[in-house]
Each structure stands twice: as structure tokens, then as C-alpha cells.
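# Summary of structural features
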Amino acid sequence: MDEYDWYDDDEPYDREPYVIIERREAGVGSFLIGLALGAGVALLLAPKSGEETRRGLAQRARRAQDAAQDFVEDLSGTVADKFQEVRASVEERIEATLGAVDDKKRRVSNAFHTGRAAAREARGELEQRIAESKAAYKDS
């Protein structure tokens, strides 16, 4: 039997080879081996002793803590300053609004009193004309 005999004549024969790749998930064993090798290399190449390394780490941790505290203090100061600025701005706007309301209230009150005085004057003139008209009507 020839290698071409088992192919169907209707389908063309593809002569290009193909590769099958099998993949496996990396297991915990591979991870543990890598971890052990990395720790061993780190111990061999460490420039300082364990005590020196711990002191250096503690010192860096204190510096980081101090820097974080400074940052928080700066941030809280900035927030407090902004709060005071906003509060002052709001208070100024409230005072300006209250001043404008008082001004409008005064204007309305003045207009009311002026209108009332004009109405009294007009009423007095009207009553005087009516009285004069009645007197003229009675005389005639």
C-alpha cells in the first residue's frame, strides 16, 4: 500500500507537515523547585549578613513611615486650608445675599410707604373734590 492510497481522491492531498504540541500545566513541584533555587542563590549572593539586612529593612521601614506621616500631615493641612477657604467664600456669599435681600426689602418697604402716602393724598383730594361738588350741587 502506497502512502497516497488511503487518501480520498476527491480531497486534495496536503503535503505540508504539521507539528503537534502538547502543553502541560506547571505544577506546584516546579514552583517549589524554583523557589528553593531562588532562595539558595539569594543566600549565596547576599552582600550583607542577616542582622545587617534586618537593620537596613527596619531603617527603611521607619523612613517610609516618617514619609507617610509627613504626607498625611501635609495633606490634612491642605484639606483644612481648602475647607477654610471654601467656608470663607460661602460665608461671604451668604452675607452678600443677605445684604441684597435687605436692600430689596428696604426698597419694597419704601415703595409701599410712598404708595400708601400717595393713596392717602389722592383720597384726600378726591374727598375734597366730592365735597366741593356736593356743595356746588346744593347751591344750584
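About the criteria used
- Residues numbered from 1 in each chain as written.
- Predicted model: local features only at pLDDT ≥ 70, side-chain atom pairs only at ≥ 80, totals over all residues.
- Heavy atoms only, no water.
- Helix = DSSP H or I, 4+ residues; strand = E, 2+ residues; numbered from the N terminus.
- Buried < 20%, exposed > 50% of the residue type's maximum accessible area, 1.4 Å probe, protein only.
- Areas by Shrake-Rupley, 256 points an atom, 1.4 Å probe, with all protein chains shown as cover.
- Patch = residues over 30% accessible without salt bridge, like charges linked within 9 Å, V, L, I, M, F, W, Y side chains within 5 Å.
- Salt bridge = Lys/Arg side-chain N within 4 Å of Asp/Glu carboxyl O.
- Expected span 1.5 Å × (residues − 1).
- Lys, Arg positive; Asp, Glu negative; His and termini not counted.
- Charge placed at Lys NZ, Arg CZ, Asp CG, Glu CD.

### Looking at the overall build of the protein
If you tally the helices and strands in the protein, you get two helices and zero strands. Buried positions account for 1% of the 140 residues belonging to the protein. Summing over all exposed atoms, the protein offers an accessible surface of approximately 13900 Å²; the carbon and sulfur share of this is 57%.

### Remarks on a nonpolar patch on the surface
Nonpolar side chains collect at one region of the surface, where Val 28, Phe 31, Leu 32 and Leu 35 lie side by side and expose about 430 Å² of accessible area between them. Position of Phe 31 among the secondary structure elements: in helix α1 (residues 28–45). According to the relative accessible area criterion, Phe 31 is exposed, its value standing at 56%.

### Examining α1
The end-to-end C-alpha separation of α1 is 26 Å, in line with the 26 Å expected for 18 residues at 1.5 Å each. The buried fraction of α1 amounts to zero of the 18 residues, a small share that puts the element mostly on the outside.

### Focus: a positive patch on the surface
A contiguous patch of positive charge, built from Lys 48, Arg 60, Arg 62 and Arg 63, is present on the exposed surface. The exposure class of Arg 60 is exposed, given its relative accessible area of 57%.

### What to know about a negative patch on the surface
Taken together, the side chains of Asp 66, Asp 70, Glu 73 and Asp 74 make up a negatively charged region of the molecular surface. Here Glu 73 is to be found in helix α2 (residues 50–139). Judged by its relative accessible area of 53%, Glu 73 is exposed.

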